[in-house]
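Here is how the chains run, residue by residue.
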Amino acid sequence: MIFYLTGGLIVASTAMAITRRHMVHAVIYLLFSFFGTAILFYLLGAPLLAALWVIIYAGAIMVLFLFVVMMIRTDATEEVMFPLNQWLPAAIFGAIYMAVGAAVVLMTPGTEVALPLMAGSPREFALYVFQNHWLSIEIVSLLLLVALVGAMSLGRGKGRDRTEDEA
Amino acid sequence: MIVPFGHVLMLAGMLFLLGVFCTLTRRNLVMIILGVEVMLNAAAIAFVGAALHWQSLEGQAFVLFIMAIAATEVSVGLALIVYAYRRSGSFDPSSCNLLR
């Protein structure tokens, strides 16, 4: 079963990613996780989203992470784990929530029925999005523009501060 | 696809927990943002599974917006991290306490 294989791969590579001490290794493991997610989207009938996931998440976001990690010296980031008595209650509560969530999912009627086949072709999907969500698309594009301006202004402020320090 | 909806939700929940764990326990700004990415990934999987379950493209449209939000969050977040690193010289969030 491809779904379970891919799901196991995603969970395993994510678990590896979040426990790595070296940030470059973590980013590369997470890249595998996102490729697995793209395969999962294709299996679940979203081919356009699968392609976008590889292009944007694996291609753009993770490369941005790699840029930042490699731009900055990453040696000697010795992390200290929280002491046991601090995170043990949190872990217990988290385990209880996990059990309750699993019980809710399993006891809801209809979740054990096999999912039907449906493939939203890129054409249908694009028509749907631009017929029903055109305003949200515009808002999101505006948000991306604002983020671009914000990131640029943060970068500029950093350079100005450094020259002030040198002066 | 002969997978029950519950199993997709289980997978998404497991991934979300991994993301929460990463965000809460790591003392490294880059790893914290990485944990947020994992959580958004889990939410997207749940949305695509729900779109298949209810035979509606609404869930897939939402994943498109999740992707845009993730891109925004990462670009601004990483710019902030670089800024904080230049200021304080470390990735430790507890060293970014210089309110000036």
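Residues numbered from 1 in each chain as written. Chains lettered and ligands numbered in written order. Predicted model: local features only at pLDDT ≥ 70, side-chain atom pairs only at ≥ 80, totals over all residues. Heavy atoms only, no water.

Looking only at helices and strands, chain A has 6 helices and 0 strands in total. In chain A, the order of α-helices and β-strands from amino to carboxyl end is α-α-α-α-α-α. Burial analysis of chain A (167 residues in total) assigns 32% to the buried set. Counting only contacts in chain A whose residues sit at least 6 apart along the sequence, the fraction spanning at least 24 positions is 57%. Element-wise, carbon and sulfur atoms account for 74% of the exposed surface of chain A, whose accessible area totals about 10400 Å². (Helix = DSSP H or I, 4+ residues; strand = E, 2+ residues; numbered from the N terminus. Buried < 20%, exposed > 50% of the residue type's maximum accessible area, 1.4 Å probe, protein only. Contact = heavy atoms within 4.5 Å. Areas by Shrake-Rupley, 256 points an atom, 1.4 Å probe, with all protein chains shown as cover.)

In this model, the largest pocket occupies a volume close to 470 Å³. Ala90 and Ala91 of chain A together with Val20, Phe21 and Leu24 of chain B are, among the 16 residues lining the largest pocket, the residues nearest its centre. Of all the secondary structure elements, the ones that give two or more residues to the lining of the largest pocket are α4 (84-107) of chain A together with α1 (5-25) of chain B. The element that contributes the greatest number of residues to the lining of the largest pocket is α4 of chain A, accounting for 8 residues. Residues that form the lining of the largest pocket fall into these classes: 13 nonpolar, 3 polar and no charged. (1 Å grid on protein atoms, 1.4 Å probe; cavity = no way out; pocket = protein on both sides within 12 Å on 5 of 7 lines; lining within 4 Å. Points joined across faces, edges and corners; volume = space filled by probe spheres on them. Nonpolar A, V, L, I, M, F, W, Y, C, P; charged D, E, K, R; others polar.)

Before going further, it helps to spend a moment on the interface of chain A and chain B. If you look at the interface, chain A gives 76 residues, while chain B gives 63 residues. Where chain A abuts chain B, roughly 6700 Å² becomes buried across the two surfaces, and 78% of that area is made up of carbon and sulfur atoms. Area buried by chain A at its contact with chain B is led by Ile18, Phe65 and Leu115 of chain A, which between them contribute 11% of it. Across the chain A-chain B interface, the total number found is 0 salt bridges. (Buried area = accessible area lost by both parts, 1.4 Å probe. Salt bridge = Lys/Arg side-chain N within 4 Å of Asp/Glu carboxyl O.)

The next thing to look at is the confidence of the model for chain A. All names here are of chain A. A residue-level look at chain A finds 87% of positions with pLDDT of 70 or above and a mean pLDDT of 83. Confidence, expressed as mean pLDDT per element, reaches its minimum in chain A at helix α6 (residues 134-166) with 78 and its maximum at helix α2 (residues 23-43) with 91. Predicted confidence is poor over residues 163-167, with pLDDT under 50, and the contacts of this stretch with residues over four places away or in other chains come to 0 contacts. (pLDDT = per-residue confidence, 0-100.)

All names here are of chain B. Relative to the assigned elements, Ala84 resides in helix α3 (residues 58-88). Counting along the chain gives 48 residues from Ala84 to Val36, while the straight-line C-alpha distance between them is 18 Å. Those residues within four positions of Ala84 in sequence are excluded, and the remaining contacts are Leu29, Gly89 and Cys96.

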